[in-house]
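Residues per chain are reported as follows:
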Amino acid sequence: MLYGRQYLIELGSALALYLVLLFGANYLQLALHPAPLTRIILALTPMVGAVTAAWVIMRAIWRMDELQRRIQLDAIAISFLGTALLTFGWGFAESAGLPKLRAFAVWPIMGTLWWIGGVVAQRRYR
């Protein structure tokens, strides 16, 4: 399950790593004003924490029983389709004057829809 003690500790640790790397990389960029290649490397450093969090989530899914996996599959499908439709629709609306959607907005949309999809799927299989 995605709410077990071990999972929450592992995910919390991965997110803490992400935050430390994010703030550290930002600090170093502001303090050192590095060359372009180094700036790119520093900007991508927080991805180590993000990849670690993704690995933790996948391990939790692999540990689930069949029903919990089915619920997560439904939740992820809802998230995927909802995110695709929202970002696609937003792209059309940009031609009508809405501001450009930054890539950073996609994960909060996807994560929120995954949570909503989990609630919907959980109720469906009761």
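You'll find the structure just up there.
Residues numbered from 1 in each chain as written. Predicted model: local features only at pLDDT ≥ 70, side-chain atom pairs only at ≥ 80, totals over all residues. Heavy atoms only, no water.

A. Summary view of the environment of A25. Within the fold, A25 resides in helix α1 (residues 5–32). Here the alpha-carbon distance between A25 and L85, two residues 60 residues apart in the chain, equals 33 Å. Excluding residues that lie within four positions of it along the chain, A25 makes contacts with L42 and P46. (Helix = DSSP H or I, 4+ residues; strand = E, 2+ residues; numbered from the N terminus. Contact = heavy atoms within 4.5 Å.)

B. View of helix α4 (residues 66–94). Here α4 contains 29 residues, and its C-alpha end-to-end distance of 41 Å stays within 8% of the 42 Å for a straight helix at 1.5 Å per residue. Those residues of α4 that sit buried are Q68, I71, Q72, D74, A75, S79, G82 and T83. On its buried face, α4 is in contact with α5 (106–124). Capping of α4 at its N-terminal end is provided by D65; its side-chain oxygen lies 3.2 Å from the backbone amide nitrogen of L67. (Expected span 1.5 Å × (residues − 1). Buried < 20%, exposed > 50% of the residue type's maximum accessible area, 1.4 Å probe, protein only. Polar contact = N/O pair within 3.5 Å; in protein donor to acceptor, adjacent residues only side chain to side chain.)

C. Spatial organisation of the side chain of T83. Residue position: T83 is located in helix α4. Sequence-distant contacts of T83, that is, excluding residues within four places in its chain, are made with V106, I109, M110 and L113.

D. Main features of a nonpolar patch on the surface. There is a patch of nonpolar side chains on the surface, built from Y3, I78, W115, I116, V119 and V120 and spanning about 590 Å² of accessible area. Here the nonpolar patch gets four residues from one element, more than from any other, and that element is α5. In this fold, V120 is placed in helix α5. Note on V120: relative accessible area 46%, which makes it partly exposed. (Patch = residues over 30% accessible without salt bridge, like charges linked within 9 Å, V, L, I, M, F, W, Y side chains within 5 Å. Areas by Shrake-Rupley, 256 points an atom, 1.4 Å probe, with all protein chains shown as cover. Salt bridge = Lys/Arg side-chain N within 4 Å of Asp/Glu carboxyl O.)

E. Layout of the pattern of salt bridges. Applying the stated criterion across every chain yields a total of five salt bridges. R59 is the partner of E10 in a salt bridge, and the nearest nitrogen-oxygen pair spans 3.0 Å. With E10 in helix α1 and R59 in helix α3 (residues 47–62), the pair connects residues that are 49 residues apart, well separated along the chain. For the salt bridge of D74 with R70, the shortest nitrogen-to-oxygen distance reads 3.6 Å. Separated by four residues within a single helix, D74 and R70 lie in helix α4, roughly one turn from each other. What makes D74 buried here is its relative accessible area of 14%. Note on R70: relative accessible area 42%, which makes it partly exposed.

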